[in-house]
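Each chain, written out:
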Amino acid sequence: MRRKLAAGNWKMNGTRASLAEVQAIAKAHPAAQSDLLLCLPATLLSLAADQLSGTSVILGAQDCHSEPSGAHTGDLSAAMLVEAGARAVIVGHSERRENHEESSELVRAKARAANEAGLMSVICLGESLAQREAANTLDIIAGQLSASVPDTATGENTVIAYEPIWAIGTGMTATTAQIGEVHDFIRARLERRFGAGVGLSTRILYGGSVKPANAAEIFAVSNVDGALVGGASLTQADFTPIVTALDAAPEN
Ligand code: PGA
């Protein structure tokens, strides 16, 4: 009942010259069974939107402001991202929670603003290494989930991405047991809060050093509906095998 989703997060990487890679990623998946989302720097959205029209690739941004307009120098509203061609946006990535001191309450406001503008929000959660070592992972996830996800969430307008901070960009992937425990927990919490309809239709992605070499085993874990991929989404050579592994993954 949940369509699998491979999402690429280009972070602060990519210039006009990188559009060739976007094109190559799109061309490699003419009929992907999974949804394919590319979250590009805002400066590339309009250009990529033209390039991707007629393909099945979904274009996304990496952040939005919680207000629709106003005196917020340097920020972009969700409606601006829609106009630039985005259909989705990442909110609450740990790099923004850390570098910009974003709270879960702000992330929730951003997710709501995104949904109101017609964007699907990809809401990121994850524990630090210290929190995991102190056996606080599930408490942290529970708190972030309840505070970051708006009451208006549905399976169509919301995706949850579980990204242990210690696994992002480090080459250290969580074990399949660690991933399964957290994904099952998130699923149970979503069902408890929203009921089975929303709870069972909301996709839960894993993120943190997903690579071609580890994708298949991660996609076989229960309640893993896809991945949010950073470094390995930057090139077609790395991203395509991950999407192919997702296409081939069993229903779970
Ligand atoms: P990574 O990044 O795949 O490079 O670890 C994932 C993310 O931050 O979304």
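Here is a short report on the structure shown in this document.

Parameters at a glance
- Residues numbered from 1 in each chain as written.
- Predicted model: local features only at pLDDT ≥ 70, side-chain atom pairs only at ≥ 80, totals over all residues.
- Heavy atoms only, no water.
- Near = heavy atom within 4 Å.
- Polar contact = N/O pair within 3.5 Å; in protein donor to acceptor, adjacent residues only side chain to side chain.
- Areas by Shrake-Rupley, 256 points an atom, 1.4 Å probe, with all protein chains shown as cover.
- Nonpolar A, V, L, I, M, F, W, Y, C, P; charged D, E, K, R; others polar.
- Helix = DSSP H or I, 4+ residues; strand = E, 2+ residues; numbered from the N terminus.
- Contact = heavy atoms within 4.5 Å.
- Salt bridge = Lys/Arg side-chain N within 4 Å of Asp/Glu carboxyl O.
- Buried < 20%, exposed > 50% of the residue type's maximum accessible area, 1.4 Å probe, protein only.

Lys11, His93, Glu163, Gly169 and Ser209 are the nearest of the 13 residues found near the ligand. Taking lysine 11, its side chain carries an N or O atom lying 2.7 Å from an oxygen atom of the ligand. Protein chains bury 97% of the 280 Å² of accessible surface belonging to the ligand in isolation. For the shell around the ligand, the class distribution of residues is four nonpolar, seven polar and two charged.

Our focus in this paragraph is the environment of asparagine 157. Position of asparagine 157 among the secondary structure elements: in the loop between helix H7 (137-148) and strand E6 (158-162). Not counting chain neighbours up to four residues away, the residues in contact with asparagine 157 comprise Asn115, Leu119, Met120, Ser121 and Thr152. Within the structure, asparagine 157 has its side chain in polar contact with the backbone oxygen of threonine 152 (distance 3.2 Å).

What follows is about the pattern of salt bridges. Proximity of charged atoms lets side chains of opposite charge pair with each other. Summed over all chains, the structure comprises twelve salt bridges. Notably, a salt bridge pairs arginine 203 with aspartate 35, separated by 2.9 Å at the nearest N-O pair. With a gap of 168 residues between them, arginine 203 in strand E7 (residues 203-207) and aspartate 35 in strand E2 (residues 35-39) connect regions that are remote in the sequence. Among the salt bridges present, the one from arginine 96 reaches aspartate 63, with a minimum N-O distance of 3.3 Å. A residue pair is termed long-range when its members are at least 10 positions apart, and arginine 96 in helix H4 (residues 94-99) and aspartate 63 in the loop between strand E3 (58-61) and helix H3 (78-83) qualify at 33 residues. Looking at arginine 96, the relative accessible area reads 21%, which means it is partly exposed. Judged by relative accessible area, which is 16%, aspartate 63 ranks as buried. Here the residues in one salt-bridge network are Asp63, Arg96, Glu102 and Lys110, joined through shared partners.

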